[in-house]
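These are the residues of each chain, in order.
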Amino acid sequence: MAERTLVMGILNVTPDSFSDGGRYAHVDDALAHAHEMVDQGADIVDVGGESTRPGSTRIGPDEEWARIGDVVRELAGGGIVVSVDTLHAVTARRAAAAGATIINDVSGGVWDPGMSVSVASTGCRFVVQHYRALPGMPGESFDYGQDVVGAVLERLGRQIDAAIGAGIAPEALIIDPGLGFSVTNEQCVLIVESLPRLTALGYPVLIGASRKRFIKAMGGDADEQTARISSACARQGVWAVRVHDVARNARAVRSALTGTAYGGECL
């Protein structure tokens, strides 16, 4: 376990991601941005080739790998810790062969029935995200009863059991509550305020709040609001935060080492 909360920098090698689609679609631009994030304090670079924003277009694993393959190989070959954000088992296997060490599946192994078995065969760590449906797609539901956090934990537990049943070692698992995926702005806030219930499961926790709708609904600068949440995450022992603005969030998580809050955060 790391001595501090890690910073996972987001690298969208896509034409249509919600925040930076198209900016890093070319290999040279993607590599330059990845190295910039590492220089700013990223411990992990999370490479994605398929957007999951509402209204995004699904693509197959061959097109996805055509977008990210060279990027993954170059970064991993240069000693950077690479995570690959994918829904596809084929991409997970290719990513592992190219040197990625983390597979970050926003469906937590649900979208592609072969994902968990494939990850087990690679020995990669696996991010199990709480999942009902992709944003804007059939199956998306926001009804969790009286205890949204409890309902999320219950479903995560079933996804964890499925991953272990497929052969993934428990110590390879990382959990993510899936902020912005089938949860309202208000429900996202409740989850963030209940981080101890997530960490109590005993698995490393990844929080991806950066530039999500609930962050923007708070008002003010979205990256500054994200950094406050990252600081709170660090103070609660969260394993890693997945962010766009690496420099600001790296400062925020390091503030926890001194026992101080960042920018007046109060979580």
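The following refers to the structure shown. In this text, all values refer to a predicted model and were calculated from it rather than measured experimentally. Along each chain, residues carry numbers from 1 onward, in the same order as the chain's sequence is written. Per-residue local features of the predicted model are confined to residues with pLDDT of at least 70, and side-chain atom pairs are confined, for both listing and counting, to 80 or more; whole-chain, interface and lining totals are unaffected and use all residues. The basis for every side-chain value is the complete set of heavy atoms in the structure, and neither hydrogens nor water enter the calculation.

Some thoughts on the pattern of salt bridges
Thinking step 1. By definition, a salt bridge exists where a carboxyl oxygen of Asp or Glu is found within 4 Å of a side-chain nitrogen of Lys or Arg. Counted by the stated rule, this structure contains twelve salt bridges.
Thinking step 2. Residues Asp46 and Arg242 are paired through a salt bridge, measuring 2.7 Å at the closest nitrogen-oxygen approach. Here Asp46, found in strand 2 (residues 44-48), pairs with Arg242, found in strand 8 (residues 240-243); they are 196 residues apart in sequence, far enough to count as distant.
Thinking step 3. Each residue gets one of three labels from its accessible area relative to the maximum for its type: buried under 20%, exposed over 50%, partly exposed in between, using a 1.4 Å probe on protein chains only. Residue classification places Arg242 among the buried positions, given a relative accessible area of 16%.
Thinking step 4. With a shortest N-O distance of 3.2 Å, Arg242 and Asp85 are connected by a salt bridge. Of this pair, Arg242 sits in strand 8 while Asp85 sits in strand 3 (residues 82-85); the two residues are 157 residues apart in sequence, bridging distant segments of the chain.
Thinking step 5. Residue Asp85 is classed as buried on the basis of its relative accessible area, which comes to 13%.
Thinking step 6. A network of salt bridges, in which partner residues are shared, links Asp221, Glu224, Asp245 and Arg248. Secondary structure elements are taken from DSSP: a helix is a run of H or I of four residues or more, a strand is a run of E of two residues or more, and numbering for both begins at the N terminus.

Some points on the packing of aromatic side chains
Thinking step 1. A pair of Phe, Tyr and Trp rings is counted when the ring centres sit within 6.5 Å of each other, with Trp represented by its six-membered ring. The angle between the planes then sorts it: under 30 degrees is stacked, over 60 is edge-to-face, the rest tilted. In this structure the tally under the stated criterion is zero aromatic pairs.
Thinking step 2. Placement of a positive charge over a ring is assigned whenever Lys NZ or Arg CZ falls within 6 Å of the ring centre and within 35 degrees of the normal to the ring plane. Of note, Arg132 hangs over the ring of Tyr144, and the distance from its end group to the ring centre comes to 3.7 Å.

Some thoughts on unusual backbone geometry
Thinking step 1. With phi around 60°, Ser182 is a residue other than glycine that occupies positive phi space.
Thinking step 2. Here Ser182 shows up in the loop between strand 6 (173-176) and helix 6 (185-192).
Thinking step 3. Since its relative accessible area comes to 0%, Ser182 is described here as buried.
Thinking step 4. Positive phi, normally seen in glycine, also occurs at Arg211, with a value near 60°.

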